[in-house]
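Residues per chain, in single letters:
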Amino acid sequence: MSNRSLSQHSDEGRPRDCDLVDDDDSCSTFDHLIDSLMDSTSSQDTGSADNEGDDGGAINADAASTPSTGSQSGRPQGPKSKSMSKSMKMVESAPTESFAFVETGDLNLHDVLCGKGPGINSHVGNKHFLAAVDLRKANYARVETRKEKNDIAREVCRHVRTEVVPNGRFLKRSTQEQAVGWGFDSNADVWVPVDEATMMDRAKQCLREKYTARSQVTQVRGRMAAQVAATAQSQQDYQHREDSFTSDEENNMSPAFAMSSFSYDNFATTTESKMQAQPPGLQTNTSPAGLPSSPQPSLDSKAQVPIKEWVNTEMVKAMSLHGGDVQKADRSYQLNAANLALALMETVDLCHRNNMAFGGGVIRSDTILISTPGTRNSGMVNDTPISAACRDQSLYSIEIAGFGSQSQSASANFANEARADLFNVGAVLYEVFSGVPPFQDQAIDSTESSIAVSSKKKKKKKKRGGMRTGAGTKRSCIPLRELGLPVAVDVLVSQMMGQDEGSHYNSAADVLEVIRYMVHDPVSFLFDIDSAGGHAGIHVPDSHKLAIPKDKLYGRDKDISLLGEVFNRSIRLGGAAECVSVAGYSGTGKTSLVLQLRQPLIDLGGYFISGKFDTLRQARPLSAIVAALDAYCDDLISRKDERSFRVVQASIKEAIGDGADVLRKLIPNLSKIVAEEECDLSLGLSADVAREEVDSNAIHRLMFLMQRFFRAVSSTTPVLLFLDDLQWADSASLELIRTIVCDGNMTSFLFVGAHRSNEVGDDHILLSAFRKISGSGISIHHILLDNMDKISVNALISDTIKLSPLLTRPLADAVYSKTSGNCLFVVELLADLYRQGHLRYSVPMLRYEWNLDAITGLEINEDVVDIMRRKMLRLGATETWSLKIAACLGAQMKESTLNLLSMGFGFSPDSGLVTLLQQPIAEGLLLKVGSNIRFSHDQIQHAAYSLISNADKPSLHLKIGRSLCNVSKAENADEMIFTCVDQLNRGSTEIKNRSEKLNVARINRHAAKKAIASSTFLAASIYLKLAVSLLEAGDWETDYNLCLEIYSTLAETEYAVGEYGDMIVAINEALLHSRAFEDKFRVYCTLISASGAQNDLKTCLSTGFEVLEQLGEPFEEKVDLAVVMKDVAFTKGMLESKGKDWFMDHHLMTDKKKLFAMRLLNLIGMYVYMSDAMKTPLVSCRMIQLTIRHGLCKESAHGFSAYGLVCSGFLGEYAEAYRVGKIGMAILEKFNSPDVPLARVYAINYGFVNVWTEPLQSTLPQLLVGHNAGLRAGVPEFACANMHMYLVSAFHSGQPLQELAKDAAGLIKECEQYEQEQMTAIVTPIWQCVLNLIGDALQEDPTRLNGQAMQEDEFLRNQLERENRTAVCYMYYARLVLAYMFGRYNQAADVYNKCLEADLEKNLMSKFENCICTFYGGLTALALQRTDPDPKWSAIVENAISKMETWARSSKWNCEHKLELLKAEKMSNAGDSEGAASAYQKAIKLAHEHGFIQEYGILTERYGVFLSGLGDETASR
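Now for a look at the structure at hand. Computed from a predicted structure; not experimentally measured.

Here we look at the overall build of the protein chain
Okay, so step 1: Scanning the protein chain from terminus to terminus reveals 65 helices and 21 strands.
Okay, so step 2: Counting every position in the protein chain, which comprises 1517 residues, the buried fraction comes to 57%.
Okay, so step 3: By sequence separation, contacts in the protein chain at least 24 residues apart represent 73% of the contacts at least 6 residues apart.
Okay, so step 4: As displayed, the protein chain has an accessible area near 62,200 Å², and 49% of this comes from carbon and sulfur atoms.

Quick notes on the packing of aromatic side chains
Okay, so step 1: All told, the structure shown has 33 aromatic pairs when counted by the stated rule.
Okay, so step 2: A ring pair is formed by F608 and F722, whose centres lie 6.2 Å apart and whose planes are at 50 degrees; its orientation type is tilted. A residue pair is termed long-range when its members are at least 10 positions apart, and F608 in strand 13 (residues 607-612) and F722 in strand 14 (residues 719-724) qualify at 114 residues.
Okay, so step 3: Under the relative-accessibility criterion, F722 is labelled buried at 4%.
Okay, so step 4: On the basis of an interplanar angle of 90 degrees and a centroid distance of 6.3 Å, the ring pair of Y632 and F709 is categorised as edge-to-face. Here F709 lies in helix 23 (residues 698-716) and Y632 lies in helix 20 (residues 623-638), a separation of 77 residues in the sequence.
Okay, so step 5: Residue F709 is classed as buried on the basis of its relative accessible area of 1%.
Okay, so step 6: Every member of this aromatic cluster is reached through a ring pair, and the members are Y607, Y632, F709, F710 and F749.
Okay, so step 7: A cation over a ring is seen here: K1138 above W1142, with NZ or CZ 5.3 Å from the ring centre.

A closer look at the sheet that holds strand 2 (residues 112-114)
Okay, so step 1: If you walk across this open sheet you meet the four strands as 1-4-3-2, and the pairing is mixed. A strand with exactly one partner marks an edge of an open sheet, and here the two such strands are strand 1 (102-103) and strand 2.
Okay, so step 2: With two bridges connecting them, strand 1 and strand 4 (residues 190-193) associate as antiparallel partners. Counted as the bridge partner of E103 is V190 from strand 4.

Considering helix 31 (residues 877-889)
Okay, so step 1: For helix 31, which comprises 13 residues, the first-to-last C-alpha distance of 19 Å matches the rise-based estimate of 18 Å (1.5 Å per residue) to within 8%.
Okay, so step 2: In the segment just after helix 31, G890 is the residue with positive phi, at about 120 degrees.

Remarks on the side chain of N336
Okay, so step 1: Position of N336 relative to the elements: it lies in helix 10 (residues 326-353).
Okay, so step 2: Given a relative accessible area of 2%, N336 falls into the buried group.
Okay, so step 3: In this structure the side chain of N336 is engaged in a polar contact, spanning 3.1 Å, whose partner is the side chain of E314.

With respect to the side chain of H1198
Okay, so step 1: Position of H1198 among the secondary structure elements: in helix 49 (residues 1196-1211).
Okay, so step 2: Looking at H1198, its side chain comes within polar contact range of the side chain of N1162, at 2.8 Å.
Okay, so step 3: H1198 has contacts with N1162, M1183, R1240, V1241 and I1244, leaving out every residue within four places of it along the chain.

Digging into the pattern of salt bridges
Okay, so step 1: Tallied over the full model, the rule gives 48 salt bridges.
Okay, so step 2: For K612, the salt bridge is made with D938, and the minimal N-O distance between the two is 3.5 Å. Taken together, the residues K612 in strand 13 and D938 in helix 35 (residues 938-946) connect sequence positions 326 residues apart.
Okay, so step 3: For K612, a relative accessible area of 27% gives the class partly exposed.
Okay, so step 4: The exposure class of D938 is buried, given its relative accessible area of 8%.
Okay, so step 5: When the shortest N-O distance is used, the salt bridge between R1344 and D1353 registers 3.2 Å.
Okay, so step 6: Overlapping salt bridges, with partners in common, bring together K612, D724, D725, R756, E759 and D938 in one network.

Comments concerning the packing of helix 62 (residues 1452-1470) against helix 64 (residues 1493-1509)
Okay, so step 1: Interaxial distance between helix 62 and helix 64 falls to 11 Å at its minimum, and their mutual angle equals 15 degrees. Taken together, the axis directions place helix 62 and helix 64 in an arrangement best described as roughly parallel. Judged by the sense of rotation from one axis to the other, the crossing of helix 62 with helix 64 is left-handed. Between helix 62 and helix 64, the residues in contact are H1457, K1458, L1461, E1465 and S1468 and E1495, I1498, L1499, R1502 and F1506, respectively.
Okay, so step 2: In the contact of helix 62 with helix 64, the residues fall into four nonpolar, two polar and four charged.

Observations concerning unusual backbone geometry
Okay, so step 1: Even without being glycine, K802 reaches a positive phi, approximately 60 degrees.
Okay, so step 2: By secondary structure assignment, the location of K802 is in the loop between helix 26 (790-801) and helix 27 (805-819).
Okay, so step 3: A positive phi angle, close to 55 degrees, is found at D1399, a residue other than glycine.
Okay, so step 4: Here D1399 lies in the loop between helix 58 (1385-1397) and helix 59 (1400-1403).

Regarding the environment of V1241
Okay, so step 1: Along the chain, V1241 turns up in helix 51 (residues 1235-1249).
Okay, so step 2: Judged by its relative accessible area of 0%, V1241 is buried.
Okay, so step 3: Once you skip the residues sitting within four places of it in the chain, V1241 turns out to touch A1197, H1198, S1201, M1225 and L1228.

Observations concerning the state of the cysteines
Okay, so step 1: This model, assessed by the stated rule, comprises zero disulfides.
Okay, so step 2: C114 supplies the cysteine sulfur nearest to C157, a cysteine that is in no disulfide, at a spacing of 9.2 Å.

Let's talk about the environment of R1344
Okay, so step 1: Considering the arrangement of structural elements, one finds R1344 in the loop between helix 55 (1317-1333) and helix 56 (1352-1361).
Okay, so step 2: The class of R1344 is partly exposed, set by a relative accessible area of 24%.
Okay, so step 3: Along the primary structure R1344 and A1379 are separated by 35 residues, whereas in three dimensions their C-alpha atoms are 8.3 Å apart.
Okay, so step 4: Setting aside anything within four residues of it in sequence, one finds R1344 in contact with N1332, E1352, D1353, R1375 and Q1387.
Okay, so step 5: A polar atom in the side chain of R1344 sits 3.0 Å from the side chain of E1352.

Describing helix 54 (residues 1297-1313)
Okay, so step 1: End to end, helix 54 covers 24 Å across 17 residues, agreeing with the expected 24 Å (1.5 Å per residue, within 8%).
Okay, so step 2: Following helix 54 by one or two positions, E1315 has its phi on the positive side, about 55 degrees.

What to know about the sheet that holds strand 16 (residues 780-785)
Okay, so step 1: Read across the open sheet, the five strands follow the order 13-14-15-12-16; overall the sheet is parallel. Taken across any chain shown, the strands that pair with only one partner, and hence form the sheet edges, are strand 13 and strand 16. Each strand axis lies, on average, 15 degrees off the axis of its neighbour in the sheet, ignoring direction.
Okay, so step 2: In the packing of helix 25 (residues 765-775) onto the sheet, contacts are made with strand 12 (578-584), strand 15 (749-756) and strand 16, and the angle to strand 16 comes to roughly 145 degrees.

Focus on the packing of helix 3 (residues 124-142) against helix 6 (residues 196-208)
Okay, so step 1: It is the contact of helix 3 with helix 6, at a shortest axis distance of 8 Å, that shows an interaxial angle of 65 degrees. The way helix 3 lies across helix 6 gives a crossing that is right-handed. Mapping the contact onto sequence places F129, L130, V133, R136, K137 and Y140 in helix 3 and R202, A203, K204, C206, L207 and R208 in helix 6.

Calculation rules
Residues numbered from 1 in each chain as written. Predicted model: local features only at pLDDT ≥ 70, side-chain atom pairs only at ≥ 80, totals over all residues. Heavy atoms only, no water. Helix = DSSP H or I, 4+ residues; strand = E, 2+ residues; numbered from the N terminus. Buried < 20%, exposed > 50% of the residue type's maximum accessible area, 1.4 Å probe, protein only. Contact = heavy atoms within 4.5 Å. Areas by Shrake-Rupley, 256 points an atom, 1.4 Å probe, with all protein chains shown as cover. Phe/Tyr/Trp six-rings, centres within 6.5 Å; stacked < 30°, edge-to-face > 60°. Lys NZ or Arg CZ within 6 Å of the ring centre and 35° of its normal. Pairing = 2+ DSSP bridges. Expected span 1.5 Å × (residues − 1). Polar contact = N/O pair within 3.5 Å; in protein donor to acceptor, adjacent residues only side chain to side chain. Salt bridge = Lys/Arg side-chain N within 4 Å of Asp/Glu carboxyl O. Axes fitted to C-alpha atoms, helices over the stretch in contact; angles between N-to-C directions. Parallel < 35°, antiparallel > 145°, perpendicular 65-115°, else oblique. Left-handed = near helix turned anticlockwise from the far one by under 90°. Nonpolar A, V, L, I, M, F, W, Y, C, P; charged D, E, K, R; others polar. Disulfide = S-S within 2.5 Å.

Function cannot be read off these values alone, since they describe shape.
Shown next, in the form of structure tokens:
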């Protein structure tokens, strides 16, 4: 029972008897059951009905039997020929007032040809017409009045003329004289319209054919109505259906119904709900493949029913089960019928495998008895040994009566008998699926099947719709497809019965395989759903397209499973970020595989952020990621979920803060989420000095902002970032990917990258990036895709043309041999075969056919690009040209860009490039996604680009660039700058005019400045190098400013991207041609920064001091302590009478040279500290002096903070250091300075100065501010320094150790990410120390730094080799704390001595770690003094108490309780119990009040030991 109406109801929304049904709908099984009975007798009842009327042969049922030969519907739509123009012209003398004559070549696939003559019956439009007529025959036969019959005929005509696309026309052939009279050639084949009456006559004539045997109609319908009525009477829940089935007049079966698009999930859900409410007597069962439930016959537990009774009962049950829903009932029945066929064929196959055949006449519909699984007896084929093997394999038990009486031994004529079995089973299946026997009389002669089999060998040509027996008489058998049954069922049965020549079924096993496909994939093979939602049994595919499955993958089960596992962990369960790499050759389906995750992610409310790198846009780093984020922002807005939008918006704002301005320049749509805010930048530099220079730290700043952006998004909704074609990714993009993926705070985030494996070698930067990600502890799951195997190719073809894989295997083998299974190649080759006609849809056969010999003999290049190119060349000339333009623009382009370019080319708005690209979009070459148009595959872009000859490419690019520049207005110039410059650069070899070359150089400079503003320095470098290539030596004289700007900026960008060789070349060129010192200063700064970054401190400082001398600020080459102290004293004198208010009222620095000097002093300060610490105070003092004499500038803030460090570290004047530091902070606020000096100033003030005056806990939030500011500013060294000092201060101020361990681990990752090896080394010992205290060490000795973070001996060896004294000091510092806390006092004493030997006080100058080291050193000496009278312990104790008294005077909060503990321990050792007890109690009270939890623990422990020594055990406890 197929897609045909079981009944007609008056429910709202259900078509009534006279409702018009679309051409894509089809009749019910019961109507066609009746039609089939009528067909079998129509030749006897109607005589020559097929030729009724004057033109009776024009449109009749036999027309469907002749293959279409003259259809022109597949012809490409190109420019019209002269003959076409002539045929379409308007002729005044035409019989219709305004009608275009039509030549044969211009007929469409829905035109209906009337009359007699060649090519009429075979025309495809006549086939469509007959299909529409067939849908309405049952209604036509049922109605009685002439008006009703005319209405139905009129519906048929209206359907052809208005409801199909293209609209059909009823035409007749003109006479030769008429054609000549109307101006056509004498041999022209011209068609003209017929009048309304003729149309109606033709429709009514065809509706009458084969429907004259009304008595049989009444008989069959009466029997069906009685069965339904009987069922309804026993089911009170379905009482309302009784009236629907009791009258032939009131409820004859609908000829068709309006079929909606089928949803498998809805079908299953509805079926389940119906089954829950079904009446008694109906049972349900699930198919073995877990398919939707179908009604299992509620047969009596002891009953076995024959085929006919089973068919009638199951049809009624299906209808009742689904509550009158014809479509679902129909499919439910078909699935049940397929399961019955499966049981029958399993039985036959098992017999054949045991060399036993049933023989002629045994298998018939009246010899096969069916029972349900619960009633199976011991013998499916009577009591043969085979029965046991067949048991429990199917939904039904089969018993074949009469088999036991036959010989069960192998027959000598087994082959012929086996083929006869297939014939007989086919005849039975015909009746099972259709409800009627295949022939007029149901009986099949016992020898008929054998004779039919033998007659196949004679290879006589047989007409469709019948077969010849041995006697030569024709047996009338209507193909199942003409009854509206699925094509797959029709092919199966017809080939089993030998009605199709060249049968593919050579054995029962072959048939069984096909039926299993039907049962396990009913949507493809039983339900015949096409892409338009119609029924494939009567649907004629679009003549230009082949419906190849797009959302289904073949042979990728393991890969999908791996992706699913990673997706579940990282997205569904909200786990840590993970990374997946998908590699394979082009066209292997990498993108399609990843897209399988798109819908599940959207269902979870997540976002699928995707981008694609483009070989034509490699000059634009981060382009793929930026485009992906821009699309994400647009998607976020377009979802119109206000609540979700507000949450994400708030999260993004909080994460990126004032860095939003940087990202807005890169991501235009971000401004729709985070609005632009006005910023006051007026106090940055004076107008004379302000220049657009490259900030070498901007790369780090951008990485930080992008990382925070993704972290913010993934914290609110799951995010999957997919980047395609990573083989073309730039280094900046790969570094950003690493930064994002390695973010330890990222959750619900998954990164998937795809690349071509054959274009990525071992030394490719992509694999280097993957190695770095793996080295950071992030799991990378690698998926390597190969081409599809033959089985997968066959499955794809089977699903495409809706035939079983067994039938499509020869075609699949041929396609595989041409493509090697490459997915893209297979799809394009199939489409090409369809276009060429080697694979075609046969309207008469209602299935696809192919010319295997022609396909095998095709000469096909191994490159899929050739097929793409041919496909493009079939388009019109203008469409092909537009594809070339699109290919020049890259893999993706905006509609706005195409519109501008259309204006530049002189197109009108309605005929521009966007319009011209509609046909390529329809052909699947391009995809329209929002306001963007992109190529559906990079190979398609490659094919389109290859249509342009290499000689023509530069000129075409230049033409595009010029056109865009000409039409770009001020408001969109910035938006178009990169597109313009890319096109101009690709065509620059064609520029001959000197003035135009300079203009293009200026455009490149402007593009570079835009890239620098967005921190994409690699792109800026490329643009500037291209600008240099356009310059000539003489341009320094004629365009000095342009050349200076280009070379100076190029030097900075080369430094920013680490290309020091190219940087030196640019610096030398600029210095050689610079006309003034001010012009040289910029490149001098670049040279100093680059030398310092390369650890070439000699070049760095010599250049710096040389430039300072030219600026009038000389320094002595050699200095000693006396010189330093003299300069410090002089500076201190200048500051004595000047407080914060004085400096806030101080004027701004305007002297250009002094501004340059301050900038340079600020730049070299760090390198001076690293090279010659003795000169460090001189640099900070000079900055204070210049500020007092010449005015304030933003660098003054750092000068004051650095001087504060000198005061605390060199002079020990903590109050003065604190005062000066406060002035520095005030200057910082005055200038609203960017994050670069903020991070530096905060690190100095809160890490070196304020810790000696303010509570240690108060510095923690400020250090976190400095850390974030450093990341935003792109100065990771200061960001990490702030975080390091935060960890140390938090550790000693009593913060929870578990939280500190997490923070330390995060800082280590951050240091590794930004390649801060020095900072990694000094943080690692602190991290391991915390791990030891919380019991996470991997060794038993908790005082040794061995565990998760480090191995002590190896660490010490490495740091000594690198002469990293600071890291060595931190290792000894951490060991001292652990040794004392765990009571290993002798070990602590040894470690303290090593701290002194490592000169910890100098290497950790002005850090609070000096206080901690002194504190634990004194406690260790006091502990050992109790058992060892050596005077060295007393010396250490006195030194510790002396220093602690000084520090306690400056910061009682941080140091007073430490001093009291040292005093208490000293008095305890001296026997002063009363004084010791008082000191202990005071220290305990202070430590508790000030929140120093760890030291509070030490104090209470030491006080307990003290009391225990006094004999007060109770107090001690």
